[in-house]
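Working through the structure, step by step
As a plain string of letters, each chain reads:
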Amino acid sequence: MRKTNIQPWTKHWEMAYDQEQKLLKEVLEDELVDIFHIGSTSVPAIGYAKPIIDILIVVKEIEKVDWYNEALQKAGYEPKGENGIAGRRYFPKGKQNRTHHVHIFQAGNEHIQTHLDFKMYLMAHPEEAKAYGELKLKLAKQVPENHYIYQEGKREFVDELVERARSWRANR
């Protein structure tokens, strides 16, 4: 079972994203529409995160992503298919010591806007971002050996943030 490793936010995560997005753009160039740094490592105000860079990639046709599995494996990514989210292709990197999670969706998929709204909401509401970071730190200390309990422990808070982010965007 993977351990939950929470670390203080660092500018190195932005640099790690910049480096990796260049590689991913080269691999997926013919299918790529856009690429974004998402997740806690992309929001400094959160203060704490697992040191795993989440990358959101938007492509023209999701089915064609499967053609790139071999090239992505050569870059260290493990193809996991939809991995529980219909219309997604998911690629973790780093085996047990994960360094990156790549989430790929076809242009127009609702998950794209949800991820981007969540990030933008937290960027615009640093007090809520900080509360999220503090929850992550608390849960990681309580259950460092059980990543699944950690994820469950923050689910309700994250779901509420997602709803606030949706409303915030709709009212802007």
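Our structure's up above, just so we're on the same page.
These numbers were taken from a predicted model, which means no experiment stands behind them.

In this section: the pairing of strand β6 (residues 100-106). Counting buried positions along β6 yields 6 of 7 residues, so the element is predominantly enclosed. The sheet contact formed by strand β4 (residues 53-59) and β6 spans 7 bridges and is parallel. Note on β6: the bridge partner recorded for Leu-56 is His-103.

This next bit is on the sheet that holds β4. In spatial order, the strands read β2-β4-β6-β5; together these 4 strands make up an open sheet with mixed pairing. Each having just a single partner strand, β2 (32-38) and β5 (88-93) make up the two edges of the open sheet. Across the sheet, the mean angle separating the axes of adjacent strands is 20° when strand polarity is ignored.

This part takes up helix α1 (residues 12-27). Helical geometry note: an α-helix holds 3.6 residues per turn, so side chains three or four residues apart project in the same direction. Look at α1: 23 Å from first C-alpha to last across 16 residues, which is about the 22 Å you get at 1.5 Å a residue. Regarding α1, the residues found buried are Trp-13, Tyr-17, Glu-20, Gln-21, Leu-24 and Val-27. Considered in projection along α1, the buried side chains sweep an arc of 115° and stay on one side of the axis. For α1, exposure combined with an orientation more than 90 degrees from the buried face picks out His-12, Gln-19, Lys-22 and Glu-26.

Right, let's get into the pairing of β4. Counting buried residues along β4, 7 of its 7 residues qualify, which places the element largely inside the surrounding structure. Neither face of β4 is open: one carries Ile-53, Ile-55, Ile-57 and Val-59, the other Asp-54, Leu-56 and Val-58, and all of them are buried. Pairing analysis gives 6 bridges linking β2 to β4, with the strands arranged antiparallel. Across the sheet, the residue bridging to Phe-36 is Leu-56, located in β4.

Glancing now at the pattern of salt bridges. Pairs may arise between side chains of opposite charge once their charged atoms sit close together. Overall, the coordinates contain 12 salt bridges when judged by the stated rule. The salt bridge partner of Arg-89 is Asp-66, with a shortest N-O separation of 2.8 Å. On the criterion of sequence distance, the pair formed by Arg-89 in strand β5 and Asp-66 in the loop between β4 and α2 (69-74) is long-range, its members being 23 residues apart. The exposure class assigned to Arg-89 is buried, which follows from its relative accessible area of 11%. Judged by its relative accessible area of 35%, Asp-66 is partly exposed. Two residues, Arg-164 and Glu-128, come together in a salt bridge whose shortest N-O distance is 2.8 Å. Taken together, the residues Arg-164 in helix α5 (residues 147-170) and Glu-128 in helix α4 (residues 126-142) connect sequence positions 36 residues apart. What makes Glu-128 buried here is its relative accessible area of 16%.

What counts, and at which threshold
- Residues numbered from 1 in each chain as written.
- Predicted model: local features only at pLDDT ≥ 70, side-chain atom pairs only at ≥ 80, totals over all residues.
- Heavy atoms only, no water.
- Buried < 20%, exposed > 50% of the residue type's maximum accessible area, 1.4 Å probe, protein only.
- Helix = DSSP H or I, 4+ residues; strand = E, 2+ residues; numbered from the N terminus.
- Pairing = 2+ DSSP bridges.
- Axes fitted to C-alpha atoms, helices over the stretch in contact; angles between N-to-C directions.
- Expected span 1.5 Å × (residues − 1).
- Arc of directions from axis to C-beta.
- Salt bridge = Lys/Arg side-chain N within 4 Å of Asp/Glu carboxyl O.

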